Amino acid sequence: MLANNRYEVATEVQRVISETLSVAIGEIQNSTRISEDLNASSMDVVTLVMSFDDVFGIEIDLNAIPSSNVTVDWIVDYICRLATR
């Protein structure tokens, strides 16, 4: 289920992050850094990736994800790029 536009992807990414990391959705902005701002561990990141794979019907390459400063906006862009392949 890949959303039709960037807004829908962003909304779904925020929902998944909120549910996976138990963070209020209002705390998640485009510039929010997953590890630094939300204190996500490397295992949390793996769980997020698996959730995004399931929700969007894609396969995210863990090696393509930078080790730090990954923002919500970066994730949305990455998922949108995968959708256009």
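Bear in mind the structure is a predicted one, so any value in this text is a computation, not a measurement.

S.K.: Sorry, what's going on with the overall build of the protein chain here?
M.R.: Within the protein chain, the secondary structure is distributed over four helices and zero strands. Computed over its C-alpha atoms, the radius of gyration of the protein chain comes to 12 Å, within 12% of the 12 Å expected for a compact globule of 85 residues. The principal-axis extent of the C-alpha atoms belonging to the protein chain is close to 30 × 30 × 20 Å. Here the protein chain contributes 5 positive and 13 negative side-chain charges, whose respective centroids are spaced 6 Å apart.

S.K.: How should unusual backbone geometry be read in this particular structure?
M.R.: Glycine aside, a negative phi is what most residues show, and trans is what most peptide bonds show. Residue Ser22 is not a glycine yet carries a positive backbone phi of 55 degrees. Note that Ser22 resides in the loop between helix 1 (6–21) and helix 2 (34–38).

S.K.: For this particular structure, what's the right way to read the packing of aromatic side chains?
M.R.: The geometry of an aromatic ring pair is captured by the separation of the ring centres together with the interplanar angle, meaning the angle of the planes. Counting across every chain of the model gives two aromatic pairs. Look at Phe52 and Phe56: their rings are 6.5 Å apart centre to centre, the planes differ by 45 degrees, and that puts the pair in the tilted class. In this pair, Phe52 and Phe56 are both assigned in helix 3 (residues 42–56), four residues apart and thus about one turn of the helix distant. The two residues Phe52 and Phe56 agree in class, both being buried. The interplanar angle of 10 degrees and the centroid separation of 5.2 Å between the aromatic rings of Trp74 and Tyr78 together place this pair among those described as stacked.

S.K.: I keep staring at the packing of helix 1 against helix 3 and nothing clicks. Help me out?
M.R.: What describes two packed helices is the angle between their axes and the distance between those same axes. Direction vectors running N to C along helix 1 and helix 3 enclose 135 degrees, while the axes themselves pass 10 Å from each other. With respect to helix 3, the axis of helix 1 lies oblique. Crossing handedness for the pair helix 1 and helix 3: right-handed. For the pair formed by helix 1 and helix 3, the contact residues are Val9, Glu12, Val13, Arg15, Val16, Ile17, Thr20 and Leu21 on the first element and Asp44, Thr47, Leu48, Ser51, Phe52, Val55 and Phe56 on the second. The class makeup of the residues in the contact of helix 1 with helix 3 is nine nonpolar, three polar and three charged.

The rules behind each value
- Residues numbered from 1 in each chain as written.
- Predicted model: local features only at pLDDT ≥ 70, side-chain atom pairs only at ≥ 80, totals over all residues.
- Heavy atoms only, no water.
- Helix = DSSP H or I, 4+ residues; strand = E, 2+ residues; numbered from the N terminus.
- Rg over C-alpha atoms; globule rule 2.2 N^0.38 Å.
- Lys, Arg positive; Asp, Glu negative; His and termini not counted.
- Charge placed at Lys NZ, Arg CZ, Asp CG, Glu CD.
- Phe/Tyr/Trp six-rings, centres within 6.5 Å; stacked < 30°, edge-to-face > 60°.
- Buried < 20%, exposed > 50% of the residue type's maximum accessible area, 1.4 Å probe, protein only.
- Axes fitted to C-alpha atoms, helices over the stretch in contact; angles between N-to-C directions.
- Parallel < 35°, antiparallel > 145°, perpendicular 65-115°, else oblique.
- Left-handed = near helix turned anticlockwise from the far one by under 90°.
- Contact = heavy atoms within 4.5 Å.
- Nonpolar A, V, L, I, M, F, W, Y, C, P; charged D, E, K, R; others polar.

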